[in-house]
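Structural features, examined
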Amino acid sequence: MKRLRPFMLSHIQVIIIFFICCLLLLDTSVVDAKIVFCIEGDIYVMNDDGSGRRRLTKNTVSRDKHPRWSPDGKRIAFTRRVDKGQSTFELFIMNADGTNVQRLTDNSVLDVDSSWAPDGKRIAFSSVRSGRWEVHVIDLATLHVTQLTDIEDGGKGAVSPDWSPDGTQIVYEKFTDSGIRSIYVMSANGEDQRPLLPDPKEDDEATDKYLPRWSADGKRILFDDCVWENNFDLCRLTVATLRGKAQQIKGIYDKLGNDLRVLVGAMCWMDNDKALLFDLKMLDTPKPNYDLYRYDFNTRNLKRLTRGEEDEDYPDWIEGTLSVSPQGKKKVTWGTLKQ
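Okay, so let's go over this structure. (Residues numbered from 1 in each chain as written. Predicted model: local features only at pLDDT ≥ 70, side-chain atom pairs only at ≥ 80, totals over all residues. Heavy atoms only, no water.)

What follows concerns the overall build of the protein chain. When its secondary structure is counted, the protein chain shows two helices and 26 strands. For the protein chain, with 339 residues in total, the buried portion stands at 50%. Taking all contacts inside the protein chain whose residues are at least 6 apart in sequence as the whole, residues at least 24 apart take part in 40%. Carbon and sulfur atoms make up 50% of the accessible area of the protein chain, which totals about 18100 Å². (Helix = DSSP H or I, 4+ residues; strand = E, 2+ residues; numbered from the N terminus. Buried < 20%, exposed > 50% of the residue type's maximum accessible area, 1.4 Å probe, protein only. Contact = heavy atoms within 4.5 Å. Areas by Shrake-Rupley, 256 points an atom, 1.4 Å probe, with all protein chains shown as cover.)

Overall, the coordinates contain six aromatic pairs when judged by the stated rule. Centroid distance Y295 to F297: 5.6 Å. Interplanar angle 85°. Geometry classified as edge-to-face. Chaining the aromatic ring pairs together yields one cluster made of W269, Y295 and F297. Here the guanidinium or amino end of K65 rests over the ring plane of F89, the centre of that ring lying 4.3 Å away. A cation over an aromatic ring shows up here: R80 above the ring of F92, its NZ or CZ 5.2 Å from the ring centre. (Phe/Tyr/Trp six-rings, centres within 6.5 Å; stacked < 30°, edge-to-face > 60°. Lys NZ or Arg CZ within 6 Å of the ring centre and 35° of its normal.)

A word on the pattern of salt bridges. For side chains bearing opposite charge, pairing can occur when the charged atoms are close. Taken as a whole and assessed by the stated rule, the structure comprises 23 salt bridges. Between R68 and D316 there is a salt bridge, and its shortest N-O distance comes to 3.5 Å. Of this pair, R68 sits in strand β5 (residues 63–69) while D316 sits in strand β25 (residues 312–317), and the two are 248 residues apart along the sequence. A single burial state applies to R68 and to D316, both of which are buried. (Salt bridge = Lys/Arg side-chain N within 4 Å of Asp/Glu carboxyl O.)

On to the side chain of S215. With respect to the helices, strands and loops of the structure, S215 is situated in the loop between β17 (207–214) and β18 (220–229). Given a relative accessible area of 0%, S215 falls into the buried group. Side-chain polar atoms of S215 contact the side chain of D217, separated by 2.5 Å. Side-chain polar atoms of S215 contact the backbone nitrogen of K219, separated by 3.4 Å. In contact with S215, other than residues within four places in its own chain, are P165, R220, W269 and D273. (Polar contact = N/O pair within 3.5 Å; in protein donor to acceptor, adjacent residues only side chain to side chain.)

This paragraph deals with the state of the cysteines. Within this structure, the stated rule accounts for one disulfide. Two residues share a disulfide in this structure: C226 and C235, whose sulfurs sit 2.1 Å from each other. Between C226 and C235, the disulfide has an S-S torsion of 120° and is therefore right-handed. Judged by its relative accessible area of 2%, C226 is buried. (Disulfide = S-S within 2.5 Å.)

To continue, consider unusual backbone geometry. Not every positive phi belongs to a glycine, and D192 is a case in point at roughly 55°. Secondary-structure assignment places D192 in the loop between β15 (181–187) and β16 (194–195). You will see that Y314, though not glycine, has its phi angle at about 55°, which is positive. Residue placement: Y314 occurs in strand β25. Looking at Y314, the relative accessible area reads 23%, which means it is partly exposed.

All right, on to the pairing of strand β6 (residues 75–83) then. Pairing of β5 with β6, which is carried by five bridges, proceeds in the antiparallel orientation. Paired with D64 across the bridge in β6 is R80. For β6 and strand β7 (residues 87–95), the ladder comprises nine bridges, and the chain directions are antiparallel. Looking at β7, one finds that T79 is bridged to L91. (Pairing = 2+ DSSP bridges.)

Let us now look at the pairing of strand β2 (residues 35–39). Across the five residues of β2, five count as buried, placing the element largely inside the fold. Taking every second residue as pointing to the same face, both faces of β2 are buried, with I35, F37 and I39 on one and V36 and C38 on the other. Relative to strand β3 (residues 42–46), β2 is paired through five bridges, and the arrangement is antiparallel. From the neighbouring strand, C38 faces β3, where its bridge partner is I43. Turn length for the β2-β3 hairpin, with the two strands adjacent in sequence and antiparallel, is two residues, and the turn residue E40 shows positive phi of about 50°. Pairing analysis gives four bridges linking β2 to β25, with the strands arranged antiparallel. In the sheet register, C38 faces β25, and the bridge partner there is D313.

Geometric descriptors of this kind do not, in isolation, establish any biological role.
Here it is, written out as C-alpha cells:
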C-alpha cells in the first residue's frame, strides 16, 4: 500500500500565516461604533461607553456639524461649512467609515439640520433658500428639493426637522408670531401642520423649545425647553406625547444639581428609548464646553462619556453594532485625542 506523505507547509506559507494571525490579534482599527459626534468641526465615531474613538473627517478650512446616521447605518449625513469667500453651509453624505464623501447641495445659502427618511431615500433639512428658515426635503436619487413649510402659513420660519419612525410625519421647530420657538408636527408631505403643545400666550413665561427628536416607538418627542430671564439660562430636557402631555426629565438635573445653569446643544434616544444621549455645557464652570452624556431611564444613572477641553457635541446614535474601519488603503492621518 502506498503511504501518504504528511502535509507540509513551506517556509513561505508559514511566514504568511504567522503574519496574518499577528494582524488579526493586533488590529484595533475596528470600532463597534454606534455614536457619531463632532469635535471642533470634525466628525468622529465611538462606542457607547466613549471608548474606541475614530476620526472620520479632517478639515482645515471647512467645518462639519449635525452628523446623522442613515437608517441602515451605512452612511452619515452632515452639514459642512464651505468657504466661498463667504461662509455657507451645505449638505453632504459619506460612508460610515468616512469614505465616498458626496455633496448634495451647492448654493450660497444655509442648508443644515439633516434628518433621514426611514426609507433612506430622502433627507429633511432646514434652509434659508426661500428667504427665511423653512423645512425642505431633498430626494437623494434626483437631488430635487421640495419646500414643506411656508412662512405664509403664519409664524416666522421653521427649522430642525426630524422624521417619524414610520415615515408619515415630521416634527420641527416653528418660530411663532411672538418670536418664541415652539414644537410642531406635520405630515411628511408638509400638510396638516399643527402644534405639539399649545403655543405660548403673550402673558406666559418666555420659553423656547428646541431640537425635537422622535422616539423609536413613534409615541413621544424629546426636546429642550429653555427659559431666558435676566441672562439666566434654565434649560431642561423634556418629553411630550403626541397628545400634548409634557414632562421634564428630572432625574438628569437631580444628578447635576437643579440650580445649575446648563445648555443642551443636541440630543437623541438610545437603546430602544431606554436611554438618552446628549451634549451638555455647564455654564457656571470657568471654561464651559460641551461634553457628551448618557442617561438611563431604568437606573436613573447619568454617565459622562467625554471630558475633552474642546466642544464634543452633535451626537447621534444608531441601533445595532457597526464595524467602522479606517479608510482602506487611502492615506489618512488619524488625529490624536486628549482623553
